[in-house]
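# Coordinate inspection notes
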Amino acid sequence: MLRKTLDIILGKDLAQKVYGTVPTFTANQQYNRLERQLIDHEAAIGARILGPTPAGRQRQFFCMDSHTWIWHETWRDEKGKAHAQHVQYDVRHDSILKRVNGGSPRRVTGQELRNFDYAVSRYYQEVASEVYGRTVTA
Amino acid sequence: MHEAFSGSPETRAQNSAEILELTPVNYESTPLDGVKQRTMRGAMPLANVGQEAQMTSIGEADIDRAIAERAMAAGVIADLRAYKVRELRDAA
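Each value, and the rule that gives it
For every chain, the first residue of the written sequence is number 1, and numbering continues from 1 onward in sequence order. Numbering of ligands from 1 and lettering of chains from A proceed in the order in which they are written. Residues qualify for local features only when their pLDDT is at least 70, as the model is predicted, and side-chain atom pairs are given and counted only at 80 or more; totals for whole chains, interfaces and linings, by contrast, use all residues. Secondary structure elements are taken from DSSP: a helix is a run of H or I of four residues or more, a strand is a run of E of two residues or more, and numbering for both begins at the N terminus. Working definition of burial: number of other C-beta atoms within 10 Å of the residue's own, with buried at 20 or more, exposed at 12 or fewer, and partly exposed in between, all C-beta atoms being placed from the backbone. Here, residue contact means that the backbone-derived C-beta atoms of the two residues sit within 7 Å. Angles run from 0 to 180 degrees between N-to-C directions of axes, and those axes are lines fitted to C-alpha atoms, restricted for helices to the stretch in contact. For classification purposes, an angle smaller than 35 degrees is called roughly parallel, one larger than 145 roughly antiparallel, one from 65 to 115 roughly perpendicular, and anything else oblique. Whether a crossing is left-handed or right-handed is set by the direction in which the near helix is turned from the far one by less than a right angle, anticlockwise for left-handed and clockwise for right-handed. All amino acids are sorted into three groups, where Ala, Val, Leu, Ile, Met, Phe, Trp, Tyr, Cys and Pro are nonpolar, Asp, Glu, Lys and Arg are charged, and the leftover types, Gly among them, are polar. To form a nonpolar core, buried Ala, Val, Leu, Ile, Met, Phe, Trp, Tyr and Cys residues must be joined through C-beta atoms within 7 Å. Two strands pair if DSSP finds at least two bridges between them. By definition here, a helix of n residues has an expected span of 1.5 Å times n minus one.

### Some thoughts on the overall build of chain A
Secondary structure assignment for chain A yields four helices and five strands. Along chain A, helices and strands appear, N-terminal first, in the series α-α-α-β-β-β-β-β-α. Burial analysis of chain A (138 residues in total) assigns 25% to the buried set. Across chain A, every contact between residues at least 6 apart in sequence was considered, and the portion connecting residues at least 24 apart equals 19%.

Here it is, written out as structure tokens:
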């Protein structure tokens, strides 16, 4: 109320100089922010499941929704140029499709499919337990 | 649609847990990037999907379907997340 009054009296620009910028969040922004924080936590666990991350790389592996899994990596080469690899796994009822950097989808098979199976099962167990406090027996 | 994907978040989480526990993996695997090997314990049916003999007897299509079903079950994490976000937001 005080802030609103000052906004009216001093004008928004001057009031901001006096009080500084106070971030305010709409319900939607708040929802997105909380969701992002949880995904970050999950993604760190996902990265750990995939094994040690090479020095200089940032890795995330997380469940985006019930049918979509994301594996994202960024790094810089020796010349300092930034690189990114974005892999999206789409879960169909009878198969897993993979897109690398937005390219054409291809069916995941063989060892890669088994590795994906391992990773998502492990992710479920560790995230359910560590982030959401669910008891999961392995 | 499998029952794991209907009902409350609690029900779906429980159902997903059952799917994942009934068909856990039990093979040495190198996760997606092939960096590190780990073993999961507590194997049962489809547990040995990594073994060539079972690959042959079950059939690759069946294995693909079973793995896809497990992945969907694991995807219940997204429901748990949404539930948690609403809980945190309402508590704020």
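### What to know about the overall build of chain B
Counting secondary structure elements, chain B contains four helices and zero strands. Along chain B, helices and strands appear, N-terminal first, in the series α-α-α-α. Expressed as a percentage of the 92 residues in chain B, the buried residues total 34%. Excluding contacts between residues fewer than 6 apart, the proportion of contacts in chain B whose partners are at least 24 apart in sequence is 39%.

### Details of the packing of helix H4 (residues 110–130) of chain A against helix H3 (residues 60–74) of chain B
Their axes nearest at 9 Å, the elements H4(A) and H3(B) cross at an angle of 25 degrees. In this view, H4(A) runs roughly parallel relative to H3(B), as classed from their interaxial angle. H3(B) is crossed by H4(A), and the crossing has left-handed handedness. Between H4(A) and H3(B), the residues in contact are A:Leu113, A:Asp117, A:Val120, A:Ser121, A:Tyr123 and A:Tyr124 and B:Asp64, B:Ile67, B:Arg70, B:Ala71 and B:Ala74, respectively. Each residue belonging to the contact of H4(A) with H3(B) can be placed in one class, and the counts come to seven nonpolar, one polar and three charged.

### A closer look at the environment of A:His93
Tracing the backbone through its elements, the reader meets A:His93 in the loop between strand S3 (82–91) and strand S4 (96–100). Sequence-wise, A:His93 and A:His67 are 26 residues apart; in three dimensions their C-alpha atoms are separated by 9.3 Å.

### Some words on the nonpolar core
Grouped burial of nonpolar side chains is what soluble globular proteins tend to show. Of all hydrophobic cores here, the largest spans 35 residues; its most connected members are A:Ile96, B:Ala74 and B:Ile77. No other element matches H4(A), which puts nine residues into this core.

### Comments concerning the sheet that holds strand S5 (residues 106–107) of chain A
All names here are of chain A. Taken in spatial order, the five strands of this open sheet run S1-S2-S3-S4-S5, and their pairing is antiparallel. On the outer flanks of this sheet lie strand S1 (58–65) and S5, each paired with one strand and no other. The sheet contact formed by strand S2 (residues 68–76) and S3 spans nine bridges and is antiparallel. Of the residues in S3, the one forming a bridge with Trp69 is Tyr89.

### Points about unusual backbone geometry
One non-glycine residue, A:Asn101, lies in the positive phi region at around 50 degrees. Here A:Asn101 shows up in the loop between S4 and S5.

### Looking at H3(B)
With 15 residues, H3(B) extends 21 Å from end C-alpha to end C-alpha; this agrees with the ideal 21 Å at 1.5 Å per step. Buried residues of H3(B): B:Asp64, B:Ile67, B:Ala68, B:Arg70, B:Ala71, B:Met72, B:Ala73 and B:Ala74, and no others.

### A few points about the pairing of S3(A)
All names here are of chain A. Where S2 folds back onto S3 in an antiparallel hairpin, the turn is made up of five residues, including Gly80, whose phi is positive at roughly 85 degrees. Two elements, S3 and S4, share five bridges in a ladder whose sense is antiparallel. Bridge pairing in S4 links Tyr89 to Lys98. If you look at the hairpin formed by S3 and S4, you'll find four residues sitting between the two strands.

Function cannot be inferred from these measures alone, as they are strictly geometric.
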